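Chains, contacts and geometry: an overview
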Amino acid sequence: MADTVPMTPTQPLAASPRSAITGGGAAEARWYAMEAGAVVGALGSDAQSGLSHVEAERRLSRDGANEIAQEEPPSVWAIALGQLRDPMNIMLVAVTVVSLLISQFSTAAIVAFLIALNLTLGTRQELKARASVDALSKMQVPQAKVLRSGELRLVPAVAIVVGDIVQLEAGDIVPADGRIVQSATLETQEAALTGESAPIAKEARVLPDGEVPLGDRSNMAFQNTSVTRGTATIVVTATGMHTQMGQIATMLTSVTRTRSPLQRELDSLTKVLAVIAWSAVAFIFIVGLARGIPGKQLLLLGTAMAISAIPTGLPAFVSGLLSMGAKQLAEAKAVVKNLTDVETLGATSAINTDKTGTLTMNEMMVSVMYVGGSWFHVEGEGYAKSGAITAVAGAAVPDFTRLALGLSLDSDATVDDNGNVVGDPTEAALVVLAAKLGVDAEETRRAYPRLAEVPFDSDYKFMATFHRTTLDGTVLSRCSHSGGPLSGSQVAIAETREGIDEANARMGGQGLRVLAFAARLVADAELSTMTEDPMALTQDLSFVGMVGIIDPLRSEAKGAVHTALEAGIDVRMITGDHAVTAKAIGDSLGLGPGAISGSELQELSDAELLRRLPQLHVFGRVSPEDKLRLARIMQQSGLVVAMTGDAVNDAAALKQADIGVAMGSGSEVTKQAGRMILTDDNFGTLVHAVEIGRRVYDKVVAYVRYQMTQLLALVLLFVVASAFDINKGVVLTPSMVLYLLFFATAAGVVVIAVDPGDPDVMHRPPRDPKVPITNHAAVLTWLLYAVVLFVAALIPLVAGPDTPHPNQASASMTMTFVVMGFGTAFNALTNRRDPASGLNPPLLQALGISLFPLVMIVLATQLPVLQSGLLTQSLSGREWLACIGLSLLLPLVIEGNKWLRRRRMSAPAPMSVGQAVAPTAPAAHGG
């Protein structure tokens, strides 16, 4: 016959992977295990007329609005007061007060400015801390179609109550959690809630009693998920904070942000500095009082000691250095909310990464086809319509016409040339594959209009469409064959079933969503059946082929994971997808061993999970509570955890993590809950951010080492001079100390700040967060360098060309001043890197900056106005040579110490017989 009607149904042979979250608490009614009518009755509603207006108002008054409660933002003054209680700021306040008492107004003004800067920066960043829950409230749906008193009305979403009957259709956002009463081909996109990339088929059928993961509750609809296909009527079972979204908000409010590693280390350093500074000042005051030094002179001496002993620029410098790092991150498309988050990235020792939208593109794509008994691999990215189709050399290439017809006609989605999708993502993948086969889906649909269809339903799990076309060949009315109809190469399905089953198992094992295509011809005598009962014609089909669909990896993801692993960072993938899908993705990324499902994870105690954690790197089908628990346990074990994600279900774990990383295309909730946002959604940007963070921390450590060398040397000078009554305890005047601070010390800070850092920073393991900046090895190093500088500066006072006097210019005090100034410049130049040599290139920029303090020190001894203000005098050539020689002692010791340590690190460690090489441990830094 000339006019025939081909019919092309699609049958998924493997269940699509879905995410799972368990929620609601033990007291929550299991609505999914009850008949829809029983649920409606239990909630005091009516499926035909809904609630009455009066009852709805009563419930709204009783239960409150259907909205996410917002946290009250903290008071600006309360935050500022908390910042002022910081030990470092308290020390700075004390210095300001003392400076005012002794009329050192310029010093008081400068220190007060530093205090104000610290308070402003800290308060501004803290105000953002509680914004994540507010973002959840902004996701509310404005209106919904609700049945009230038998009338369908548009009701504001905030006015919806438990028991309301709500009607949904494609394009709607679900306004509240509800039990499906009836549905037709309903599918919802739950990626924002569960992390599942593919739409979920929904139906009203009762589920088995017992605990069913949220992602498997196919008869429930959840607030703020979207309807991608079909229609439904639901009865509302939870509103506001009792919805799944509300439970996530509750978790967010219960999570307390952890202090960054740098904050904790600066706290410990501040305590050390406080003990050193005030002990030294107290000692000098006691000795001065015992010797009868006048009160004003004693205050001047104490001020000079305090200015020397307290690194007044430490908070401001650290903030400035972190600001530079934040700027670099922003240029690299990573935005941090708090300055300390820059350093936290550098301490990261573990990354818990979400899959959907983070490692993958969140775009469905056909990656493999099984047609005519042969395998074909499909290349391309996401919804881009370009990509080659390859096969084994010499394999026969079948006619893809029948498959292309099924791809085009048995779907409704559209994809434009820019990759924009309208419709179901899975169908979009089929349209893109048709384009790669050279078929335009929209033109094909116009050429072969749809006459009838069997819509997709989760009961029978297929969709069938009927079309009219003109073909030559034999009519196959009732057959069961493999091979395209009319192709002349059909065989009985029994002969190919084993191969088809093996292909299905192979695709399923790779975590692919599998769709099968079949077709048949409809005879003229069957046309009436086609219109009256199309389901009756979905028998005796001819198998055409299968396709495997996957959410493909981002092009940069695998390389970024490899770089992170090389840097000693343990990467784990935590997703709502099925464990099979998650493991397949993990294997392709090269993650470590071990995969576990959410249900298995929940059976493990915290102690057992902690023990097995090194052998677990893929977590599938996990809930938001699981993600939060993992972050907490890993933090308790001493790891600095970074968590990436883009969906609402990631928000609580992002807030708990040391560094929560949200994707720029993700939900507003995750952006607010996270500490950093990747504007390009690039996992590689996170790895680059870790590199920047490591360099920033190295600079902070270099600055502390540089500052502590200066501080301890000055403290030793003043203490020894007071103890042995050298120049009545005055080794430098307060004006000399301030001059060194503003010109020599400040220039050294710039040398450290502009240094590009160690090029091998990503080829070493993460630093151990348990080892603070003030670790034993670091303190010993500071003391060594400080003693060298102290001895070099003390020599002119005790063996100089004249007898110094605290209120008169002298060559000896001037030489001490010069040695301290020159030693400061050399200190910064050599201490800018460790253990690498400070003389390694690039060196010219550092030398150029270091010339500035040297010139300023020389001018301080030559210009009359500076001589009178600082109590300095001109030096002879011999005295200058002596100063230079004494100043060079410090850089020689610094470079010699680093050379010895580099030799020890490069020497191979002896290994006894049977000794095993242990995994790389976090490195301790801070010296």
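That block above? That's the structure.
Residues numbered from 1 in each chain as written. Predicted model: local features only at pLDDT ≥ 70, side-chain atom pairs only at ≥ 80, totals over all residues. Heavy atoms only, no water.

Every buried residue of helix α19 (residues 579-589) is listed here: T581, A582, A584, I585, G586 and L589. On its buried face, α19 is in contact with α16 (493-509), β23 (542-550), α18 (557-566), β24 (570-574) and β26 (618-620). Of the residues one or two after α19, G590 is the one with positive phi, at around 80 degrees. (Buried < 20%, exposed > 50% of the residue type's maximum accessible area, 1.4 Å probe, protein only. Helix = DSSP H or I, 4+ residues; strand = E, 2+ residues; numbered from the N terminus. Contact = heavy atoms within 4.5 Å.)

Note on placement: G387 falls in the loop between β13 (374-378) and β14 (389-390). Residues contacting G387, with those up to four places away along its chain left out, are E379, G380 and K436.

Ranked by size, the top nonpolar core spans 122 residues in total, and within it M546, M676, F683, L732 and F817 carry the most contacts. The element best represented in this core is helix α25 (residues 683-723), accounting for 24 residues. Formed by 27 residues, the second largest nonpolar core is a distinct cluster that contains I68, L214, M220 and F222. (Core = buried A, V, L, I, M, F, W, Y, C linked by side-chain atoms within 4.5 Å.)

All right, on to a nonpolar patch on the surface then. Together, L81, L84, V93, V97 and L101 give the surface a local cluster of nonpolar side chains, amounting to about 410 Å² of exposed area. The set of elements that each furnish at least two residues to the nonpolar patch consists of α3 (76-84) and α4 (87-101). Of all the elements, α4 adds the most residues to the nonpolar patch, at three residues. Note that L101 resides in helix α4. (Patch = residues over 30% accessible without salt bridge, like charges linked within 9 Å, V, L, I, M, F, W, Y side chains within 5 Å. Areas by Shrake-Rupley, 256 points an atom, 1.4 Å probe, with all protein chains shown as cover. Salt bridge = Lys/Arg side-chain N within 4 Å of Asp/Glu carboxyl O.)

In the segment running from D834 into P835, the intervening peptide bond is cis, with an omega of 10 degrees. Secondary-structure assignment places P835 in the loop between α28 (811-831) and α29 (844-862). A positive phi angle, close to 50 degrees, is found at S149, a residue other than glycine. Along the chain, the position of S149 falls in the loop between β3 (143-148) and β4 (151-156). Notably, T185 is not glycine yet its phi reads approximately 50 degrees, a positive angle. Among the secondary structure elements, T185 is positioned in strand β6 (residues 177-189).

As a further point, take the pattern of salt bridges. Counted according to the given criterion, the structure contains 31 salt bridges. Ionic contacts of the salt-bridge type, sharing partners, join the residues R30, D209, E211 and R217 into one network.

To continue, consider the side chain of R445. Within the secondary structure layout, R445 lies in helix α15 (residues 441-447). Despite its burial, R445 remains without a salt bridge, the nearest opposite charge being carried by E427 at 5.8 Å. Separated by 2.8 Å, the side chain of R445 and the backbone oxygen of S408 make a polar contact. With residues up to four places along the chain from it excluded, the contact list for R445 reads S408, L409, S411, D412, A413, T414 and V431. (Lys, Arg positive; Asp, Glu negative; His and termini not counted. Polar contact = N/O pair within 3.5 Å; in protein donor to acceptor, adjacent residues only side chain to side chain.)

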